[in-house]
Amino acid sequence: MSAPLPGNPLSSHVRPDLPGRFNELDVLRRQWGRFAATVEGQIVPPFEVLIHPSSGCNLRCDWCIGDHVPLEIWDDQREELVLLDAAKVASDRLPDALAVPENMMKLAQELVDYRVEARYRHDGREHRDTFGIENVSFSGLIGEPLIARRALVPAIDYLVARGMRVGIFTNGVLMDEAVIEVLLGAAYVHVSIDAATPQTYADLKYGGRPAGQAMFDKAVANVARLAERRRESGATVEINTSFVMYPQNFGEVYDAAHLLSQVGVDSLRLKQDNSGSQPLSDQQRAEAKRLVERIRAEVETEAFRLVEIHQLDNPQEMARTCSTCSITDLMAAVGSDGHLYPCNYHPRPGGFSYGSAIDTSFAQVWESQERQRLRHQLPTICPTVCDPFKNRANRLLAEAKTVVADSGIDRLEKHVADLVDGGAYAIER
């Protein structure tokens, strides 16, 4: 596209070890037109919508992010502090409005139908295009999506049949045959495993109760069944797993990687406690690094990859350092109550809602004055902890907007092309 530009200001905000859609640069490469339109102040549909089908869960993970990100709100005189708690043990939680099949299907239909024409600059010229939502991801802040599987299965089937890229983050315990069959059409399934033994799983994810051991066996068996059905059907769904390294479980990460590679999954994503309440000690971090190196040397293959979402050598990367939130214009979040929120860490009783997509419509709420009002208060009104991908993306997008302000959108596009063409990260589908 152009000759490489020296001194690329975006370079320090891109992690070359993260491939494909895991990488923050992928947003600017894949969603250039959408980003360029928002820079001009236009409102276009987000490229991805993250949906929480339920605020209930069948597990009690020690690191559940909802238990660690209370939202502190002061009154105008900063005299009274209110904590908006999203924890599983809170006295209140969001209602499961999206667990009602009719509500979930209404939302799914609106996501498919939402289209907006907008202008943007590309290759030094003005363009016009119609933008729509491309990806839908089902997950939860404290909730397990498959709690609402009666509403979820037909919604996934509907979205996939209409060309939407669909994924789910789940603990995998509730994956029955109907769920597995519909997920064969999804783009990815992400299962949190976090242990290599039933006892550790029960200790960290079910309060030490013996029933948690059977849940570990069930989750692994369900992942194996999904991989088996993928082989039988020729489906292309990507099967990802994750492991949050806590002081109590990091020593099992090698065994977990070996187990999951044998089961037939495609990747293992490594994270640390995002809230920072249970960090690894220096000694534990050194041992974890040794185990990670063993995984790369002995377990990782072309069919099974290891992705370090949080770098062991760089724990400060986990801290939220962005002073603005730009990814909120490109990715939407819907809580289990059917309301839109600034991101997937916000849905909680009394939280900052843009409005209900059940009472009105997704498009109306997304284009509303209330969303415009609240988005200008981000991240001041946000929890202290940020989603890892959004945290990195916001740092990159803040630098990108600085380039636009100083040198124009065309110069930014050249910087992006310079990094992409120079192999700043592994591009994937």
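The preceding data block contains the structure.
The following refers to the structure shown. These figures come from a predicted structure and were not determined experimentally.

**Some points on the environment of Ala178**
Now for step 1: On the secondary structure map, Ala178 appears in helix H5 (residues 177-183).
Now for step 2: Given a relative accessible area of 46%, Ala178 falls into the partly exposed group.
Now for step 3: For the pair Ala178 and Val153, spaced 25 residues apart in the sequence, the C-alpha separation amounts to 7.6 Å.

**So, the sheet that holds strand E7 (residues 165-170)**
Now for step 1: A sheet is described by the order of its strands in space; here 10 strands give the open sequence E11-E10-E9-E8-E7-E6-E1-E12-E13-E14, paired in mixed fashion. Because the sheet does not close on itself, it has two edges, and the strands there are strand E11 (305-308) and strand E14 (355-356).
Now for step 2: Where E7 meets strand E8 (residues 188-192), four bridges bridge the pair, whose relative direction is parallel. What sits directly across from Phe169, in E8, is His190.
Now for step 3: Strands in contact with helix H3 (residues 101-113) are strand E1 (48-51), strand E6 (135-138) and strand E12 (331-334); relative to E1, the strand with the most contacts, it is inclined by about 170°.

**A few points about the pattern of salt bridges**
Now for step 1: Throughout the structure, instances matching the rule amount to 28 salt bridges.
Now for step 2: The partner of Glu232 in a salt bridge is Arg229, and the shortest N-O contact between them spans 2.9 Å. With Glu232 and Arg229 both in helix H7 (residues 211-233) and three residues apart, the pair spans about one turn of that helix.
Now for step 3: One salt bridge connects Glu308 with Arg296, and the closest N-O pair in it is separated by 3.1 Å. Of the two residues, Glu308 sits in strand E11 while Arg296 sits in helix H9 (residues 282-298), which places them 12 residues apart along the sequence.
Now for step 4: The exposure class of Arg296 is partly exposed, given its relative accessible area of 34%.
Now for step 5: Connected through salt bridges with shared partners, the residues Asp26, Arg29 and Arg30 form a single ionic network.

**Things to note about the packing of helix H2 (residues 32-39) against helix H13 (residues 409-421)**
Now for step 1: One can describe the packing of H2 onto H13 by two numbers: an axis separation of 12 Å at closest approach and a directional angle of 150°. By the angle between their axes, H2 is roughly antiparallel relative to H13. For the pair H2 and H13, the sense of crossing is right-handed. Along the contact surface, H2 presents Trp32, Phe35 and Ala36, while H13 presents Ile409, Leu412, Glu413 and Val416.
Now for step 2: Class assignment for the residues of the contact of H2 with H13 results in six nonpolar, no polar and one charged.

**Structural notes on the environment of Leu98**
Now for step 1: Relative to the elements of secondary structure, Leu98 occurs in the loop between strand E3 (81-84) and H3.
Now for step 2: Judged by its relative accessible area of 1%, Leu98 is buried.
Now for step 3: In this structure, the C-alpha to C-alpha distance between Leu98 and Tyr345, residues 247 residues apart in sequence, is 17 Å.
Now for step 4: For Leu98, the contacting residues outside a window of four places in its chain are Ile51, His52, Pro53, Asn103, Met104, Leu107, Ala151, Val334, Gly335, Ser336, Gly338 and Ile358.

**Description of the pairing of E8**
Now for step 1: Taking burial as the measure, the five residues of E8 include five buried ones, the bulk of the element.
Now for step 2: As for the winding sense of the linkage, the β-α-β connection from E7 through H5 to E8 is right-handed.
Now for step 3: Where E8 and strand E9 (residues 238-245) come together, five bridges link them in parallel fashion. Bridge pairing links Ser192 to Ser242 in E9.

Conventions and cut-offs
- Residues numbered from 1 in each chain as written.
- Predicted model: local features only at pLDDT ≥ 70, side-chain atom pairs only at ≥ 80, totals over all residues.
- Heavy atoms only, no water.
- Helix = DSSP H or I, 4+ residues; strand = E, 2+ residues; numbered from the N terminus.
- Buried < 20%, exposed > 50% of the residue type's maximum accessible area, 1.4 Å probe, protein only.
- Pairing = 2+ DSSP bridges.
- Contact = heavy atoms within 4.5 Å.
- Axes fitted to C-alpha atoms, helices over the stretch in contact; angles between N-to-C directions.
- Salt bridge = Lys/Arg side-chain N within 4 Å of Asp/Glu carboxyl O.
- Parallel < 35°, antiparallel > 145°, perpendicular 65-115°, else oblique.
- Left-handed = near helix turned anticlockwise from the far one by under 90°.
- Nonpolar A, V, L, I, M, F, W, Y, C, P; charged D, E, K, R; others polar.
- Right-handed = clockwise from strand over helix to strand, strands pointing away.

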